Amino acid sequence: TGRVRSALENPTHRGRWLLWPLYPLTQTLSIYRDFQVSQLLNAIAVLLGSGMTLTESLHRLRRQARPWMQAHLQSVLMHLQVAPTDYVPAFSRGLMSPALLASGASAVRNNPHFDRVLIELGTRENIHIQNHIARTALRINTALVAACGALVLFLYLGQLSITQAMTAELSPTQQMLRKMR
């Protein structure tokens, strides 16, 4: 699964053309990821604002999360146990989108307290995440409408050619030619 995930997240020039049928799936999964991260950052901001530490809030959220989020939070917690101050790589393991991760990395450079950075991401970046989700949903919608339109056009042209062929075969001249053979 690692190779498939790597191919989907980092397609080469040739691989990009091979994966275009999976575009709606990858975009749908990115919407799910961004929505879950938006909720996670909001919850972390609330918990950190109430005085909990980062690891306490992550443990609490992991217990109440869905399996996908539990696995990601477990990998974040394991990374933070090995490297307690290496925050950005801990959250970069498929949990946050590259744009959100870059925003968090630049905020870490400006503010040495990662708790405050997460509170800022949970409040300020939620608007950007929602805008990103809306743009991605629009792209998926456009791709699906185009695919449905192409399917309708294909079926219409197929029906039209079948009708023309049947009409041509049932014409009196064709029937007479068939009888003469």
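Residues numbered from 1 in each chain as written. Predicted model: local features only at pLDDT ≥ 70, side-chain atom pairs only at ≥ 80, totals over all residues. Heavy atoms only, no water.

1. Concerning the overall build of the protein chain
What counts here: A run of H or I in DSSP counts as a helix once it spans at least four residues, and a run of E counts as a strand once it spans at least two, with each numbered from the N terminus. Summary of the burial criterion: residues with accessible area below 20% of their type's maximum are buried, those above 50% are exposed, and those between are partly exposed, where the area comes from a 1.4 Å probe applied to protein chains only. Accessible surface is estimated by sampling points in the Shrake-Rupley manner with a 1.4 Å probe; for residues, cover comes only from the protein chains shown.
The helix and strand inventory of the protein chain stands at 10 helices and zero strands. Taking all 181 residues of the protein chain together, 28% fall into the buried category. Surface exposure of the protein chain reaches about 12500 Å², of which carbon and sulfur atoms provide 64%.

2. Section: a nonpolar patch on the surface
The following threshold applies: Like-charged residues within 9 Å of one another, or nonpolar side chains (Val, Leu, Ile, Met, Phe, Trp, Tyr) within 5 Å, are grouped into patches, provided each residue has over 30% relative accessible area and no salt bridge. Salt bridges are defined as contacts in which a side-chain nitrogen from Lys or Arg sits within 4 Å of a carboxyl oxygen from Asp or Glu.
Taken together, the side chains of Leu153, Tyr156, Leu157 and Leu160 make up a nonpolar region of the molecular surface, amounting to roughly 390 Å² of accessible area. Relative to the helices and strands, Leu157 resides in helix α9 (residues 125-169). Classification of Leu157 as partly exposed rests on a relative accessible area of 46%.

3. A short note on the packing of aromatic side chains
To be explicit about the condition: Two aromatic rings, drawn from Phe, Tyr or Trp (for Trp, its six-membered ring), form a pair once their centres lie within 6.5 Å of each other, and the interplanar angle then sorts them: stacked below 30 degrees, edge-to-face above 60, tilted otherwise.
Inspection of the entire model under this criterion finds one aromatic pair. Ring geometry for Tyr32 versus Trp68: centroids 5.5 Å apart, planes at 70 degrees, classification edge-to-face. Highlighted residues: Tyr32 in helix α3 (residues 23-49) and Trp68 in helix α5 (residues 67-82), separated in sequence by 36 residues. The class of Trp68 is partly exposed, set by a relative accessible area of 28%.

4. Considering the packing of helix α4 (residues 54-64) against α5
Selection rule: To obtain each axis, a line is fitted to C-alpha atoms, and for helices this fit is confined to the stretch in contact; angles are then taken between N-to-C directions over 0 to 180 degrees. Geometric relationships in this document are graded by angle, where less than 35 degrees denotes roughly parallel, more than 145 denotes roughly antiparallel, 65 to 115 denotes roughly perpendicular, and other angles denote oblique. The hand of a helix crossing depends on one turn: near helix anticlockwise from the far one by less than a right angle means left-handed, and clockwise means right-handed. For this analysis, residues touch if any pair of their heavy atoms sits within 4.5 Å.
Running from N to C, α4 and α5 cross one another at 155 degrees; their axes reach a closest spacing of 9 Å. Here α5 runs roughly antiparallel to α4, going by the angle between their axes. Between α4 and α5 lies a crossing whose hand is left-handed. Mapping the contact onto sequence places Leu54, Thr55, Leu58, His59, Leu61, Arg62 and Arg63 in α4 and Gln70, Leu73, Gln74, Val76, Leu77 and Leu80 in α5.

5. With respect to the nonpolar core
Selection rule: We call a set of buried residues a nonpolar core when its members are Ala, Val, Leu, Ile, Met, Phe, Trp, Tyr or Cys and they connect through side-chain atoms within 4.5 Å of each other.
Ranked by internal contacts, the top residues of the largest apolar core, which has 29 residues, are Leu41, Ile44, Leu54, Leu58, Phe91 and Leu118. For this core, the secondary-structure elements that each account for two or more residues are α3, α4, α5, α6 (87-91), α7 (98-110), α8 (114-123) and α9. For this core, the element with the most residues is α3, which contributes six residues. Beyond its immediate chain neighbours, meaning those up to four positions away, Leu58 contacts Ile44, Leu73, Val76, Leu77, Leu80 and Phe91.

6. Describing the side chain of Ser57
Position of Ser57 among the secondary structure elements: in helix α4. Among all residues touching Ser57, those that are not within four sequence positions of it are Leu47, Leu48 and Met52.

7. Topic: α8
Formally: The directions from the helix axis to the C-beta atoms form the arc being described.
For α8, every residue scored as buried is listed here: Phe114, Val117, Leu118, Leu121 and Gly122. Along α8, the residues classed as buried sweep out an arc of 135 degrees about the axis, all on the same side.

8. Description of the environment of Ser92
As for its placement among the helices and strands, Ser92 is situated in the loop between α6 and α7. Looking at Ser92, the relative accessible area reads 32%, which means it is partly exposed. Between the alpha carbons of Ser92 and Val76 there is a distance of 8.6 Å; along the sequence they are 16 residues apart.

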